[in-house]
Structure formats: C-alpha cells, structure tokens
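Examining the three-dimensional arrangement
Now for the letters of each chain:
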Amino acid sequence: MKLYLKYYGAQNSADDDSFYHLDVPLETFIVLVLYRYLEINPSNVVVHFVQCKATSNVLRVVLPRSMIRGNQSVNFTDATNTLPNDGDPALFCQLPSISIESINTIVSGLCGVCRRLTKQHITTSKKAEGLLGFKGNTLVAPADASLWTKFCEIDIIRCVEDVLSFDANSTTTVPNELGQFESHLLQPLKSHNIYKLINLVNNVRISSDEEHRKLVGVEQRFDFHANH
C-alpha cells in the first residue's frame, strides 16, 4: 500500500543533522499525525512525499533522517512541473491519496485516507475496532454533500489555515466559521424519534406536534429541557 502526501519543500535541520524538515499543507500534517498515532507499520504503508507548488499555508514537520536514508518506507517525488508518465495513477488524484495495489483501488481525499489508515490499523489491533464508530462507518463519504459536511471538510480546514497565519502583532477578526460553529452548537438537539421518546417517558401515544399540543395535563407534556 502506498500513501501519497503533498509537500512544498525540504531542508536539513540547523540544530541536528539527524532530522529533516518538511514544509507541508494542513491535510498532510493531519495524515502524518494519524500515521504516527496509529503506529502504522512502514512496510505495510509506504509513504511517498510528492513535491508540489505551495498554494496554501505551510506547516513544518520533522522527520528522522533514519527514515529516509537506506529505507524504502519514505520516498520523494517532484511534481512541481509535471508528473511522471509512468507514475502511479494515485498521483493524479487529489492528494492525500492511497494506492492499494492488491485490490487495484485508489482512495483519495483527507477523510477517505484517514479512514483507510484506521482500517489498516484495525486489521492488526482488534482492540481498536471502536475507532470507526459503532457501525464502522465513521468518515464514510455521504451520498449527498450537506452544508454540515462542507463545513467539516472544507470550511473548518480553511478556518484553521487562516488562524495559523494570524499575526500576533496585528489586529485580526475572528473567522466567520467559528461563529457558524458556535451558532450550530446553540441549536436545540434534533432527534428523529422524538415522539417515540415522548411516548416512552410520558406513557402517551402521539405521533405529531399537533397531538402533543392537545395533551390536556401538563404532566403529560414532554419537558425537552429535563430530558435533553
């Protein structure tokens, strides 16, 4: 399995020659953090850093030089001008991406790559099965893109990049995305089976808001705050 990650530049560490500094976008940083956190076996998932022209805010990561010298678990590809004609098809997808040669499959995009790395970890550690949720479908792409999905996968990433670029010595405004997130958290809890809950708690049989309003006794009415 090959993991392709975007990077913008590399340089030696000025303080310690045993480390290598890479300038990467936020998506690459997130995937690398997950890769290290899950302790993915480098022999199972080989990392390929693909050099591209910088188009967004840059974060710096540090790699031990031992991972690069004489080790095939980390590779570098220059794609600043053109991609190699004989390159892996995953190189032509939106990075980050994963090429799974055993089943001729390519996974592209931040959420898809994070999910695939987590599934790889679960195959070697059964105790980690809960990482992808009760049904194992966390980070699965939705059938239709919603506003909330766009916020989680696009808007909030752009917001974090903007926050990272703030100048501490200048006057800045709070990003709109933070206000949207706060507003969303202030919304009342939405429950698709709310009337089933009302029937269970108050021992009544209703199926609509109109029937709920017609309940005579106050004790029969559902206290949304007490049962939140």
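As shown above, the structure is provided for reference.
A brief structural summary.

What counts, and at which threshold
Residues numbered from 1 in each chain as written. Predicted model: local features only at pLDDT ≥ 70, side-chain atom pairs only at ≥ 80, totals over all residues. Heavy atoms only, no water. Helix = DSSP H or I, 4+ residues; strand = E, 2+ residues; numbered from the N terminus. Expected span 1.5 Å × (residues − 1). Buried < 20%, exposed > 50% of the residue type's maximum accessible area, 1.4 Å probe, protein only. Contact = heavy atoms within 4.5 Å. Disulfide = S-S within 2.5 Å. Phe/Tyr/Trp six-rings, centres within 6.5 Å; stacked < 30°, edge-to-face > 60°. Axes fitted to C-alpha atoms, helices over the stretch in contact; angles between N-to-C directions. Parallel < 35°, antiparallel > 145°, perpendicular 65-115°, else oblique. Nonpolar A, V, L, I, M, F, W, Y, C, P; charged D, E, K, R; others polar. Core = buried A, V, L, I, M, F, W, Y, C linked by side-chain atoms within 4.5 Å. Patch = residues over 30% accessible without salt bridge, like charges linked within 9 Å, V, L, I, M, F, W, Y side chains within 5 Å. Areas by Shrake-Rupley, 256 points an atom, 1.4 Å probe, with all protein chains shown as cover. Salt bridge = Lys/Arg side-chain N within 4 Å of Asp/Glu carboxyl O.

**Observations concerning helix 2 (residues 110–124)**
Helix length check: helix 2, at 15 residues, gives a terminal C-alpha distance of 22 Å against a target of 21 Å (1.5 Å per residue), a fit within 8%. Residues of helix 2 that are buried include every one of Leu 110, Val 113, Cys 114, Arg 115, Arg 116, Leu 117, Thr 118, Gln 120, His 121 and Ile 122, and no others. Considering only its buried residues, helix 2 is in contact with strand 1 (2–7), helix 1 (26–37), strand 7 (97–100), strand 8 (105–108) and helix 3 (147–164).

**So, unusual backbone geometry**
With omega at 5°, the peptide bond leading from Leu 95 into Pro 96 counts as cis. Phi at Asn 104 is positive, roughly 50°, even though this residue is not glycine. Its location among the elements puts Asn 104 in the loop between strand 7 and strand 8. The exposure class of Asn 104 is exposed, given its relative accessible area of 74%.

**Some thoughts on the state of the cysteines**
Should the sulfur atoms of two cysteines be covalently bonded, the bond is a disulfide. Inspection of every chain in the model, using the stated rule, returns zero disulfides. Unpaired in terms of disulfides, Cys 114 finds its nearest cysteine sulfur in Cys 111, a separation of 6.7 Å.

**Digging into the packing of aromatic side chains**
Here the structure, examined in full by the defined rule, presents two aromatic pairs. For the ring pair Tyr 7 and Phe 49, a centre distance of 6.1 Å and an interplane angle of 85° mean the geometry is edge-to-face. Separated by 42 residues along the polypeptide, Tyr 7 in strand 1 and Phe 49 in strand 4 (residues 46–51) bring together distant segments of the chain. Using a relative accessible area of 6% as the deciding quantity, one classes Tyr 7 as buried. The interplanar angle of 10° and the centroid separation of 6.2 Å between the aromatic rings of Phe 151 and Phe 181 together place this pair among those described as stacked. With Phe 151 in helix 3 and Phe 181 in helix 4 (residues 176–186), this residue pair connects regions lying 30 residues apart in the sequence. According to the relative accessible area criterion, Phe 181 is partly exposed, its value standing at 34%.

**Points about the packing of helix 1 against helix 2**
The interhelical angle for the contact between helix 1 and helix 2, taken along N-to-C directions, is 10°, at an axis separation of 10 Å. One way to sum up the angle between helix 1 and helix 2 is to call them roughly parallel. Between helix 1 and helix 2, the contacting residues are Glu 27, Ile 30, Val 31, Leu 34 and Tyr 35 on the first element and Leu 110, Val 113, Cys 114, Leu 117 and Thr 118 on the second. Taken together, the residues that form the contact of helix 1 with helix 2 break down as eight nonpolar, one polar and one charged.

**Some points on the nonpolar core**
If you look at the biggest cluster of nonpolar residues, it comprises 29 residues, and the most contacted ones within it are Leu 3, Leu 22, Val 31, Phe 49, Ile 98 and Leu 117. Where this core is concerned, the elements lending two or more residues are strand 1, strand 3 (19–24), helix 1, strand 4, strand 5 (59–64), strand 7 and helix 2. At five residues, helix 1 tops the list of elements feeding residues into this core. The contact partners of Ile 98, leaving out residues within four places of it in the chain, are Met 1, Lys 2, Leu 3, Thr 105, Ile 106, Val 107, Val 113, Arg 116 and Leu 117. Within the second largest apolar cluster, six residues are counted, among which are Tyr 4, Val 50, Cys 52 and Leu 91.

**Regarding the environment of Cys 111**
Inspection of the secondary structure assignment puts Cys 111 in helix 2. Sequence-wise, Cys 111 and Glu 27 are 84 residues apart; in three dimensions their C-alpha atoms are separated by 9.6 Å.

**Details of a nonpolar patch on the surface**
Taken together, the side chains of Phe 29, Ile 30 and Val 33 make up a nonpolar region of the molecular surface, amounting to roughly 220 Å² of accessible area. Inspection of the secondary structure puts Ile 30 in helix 1. Accessibility expressed as a relative area gives 31% for Ile 30, which makes it partly exposed.

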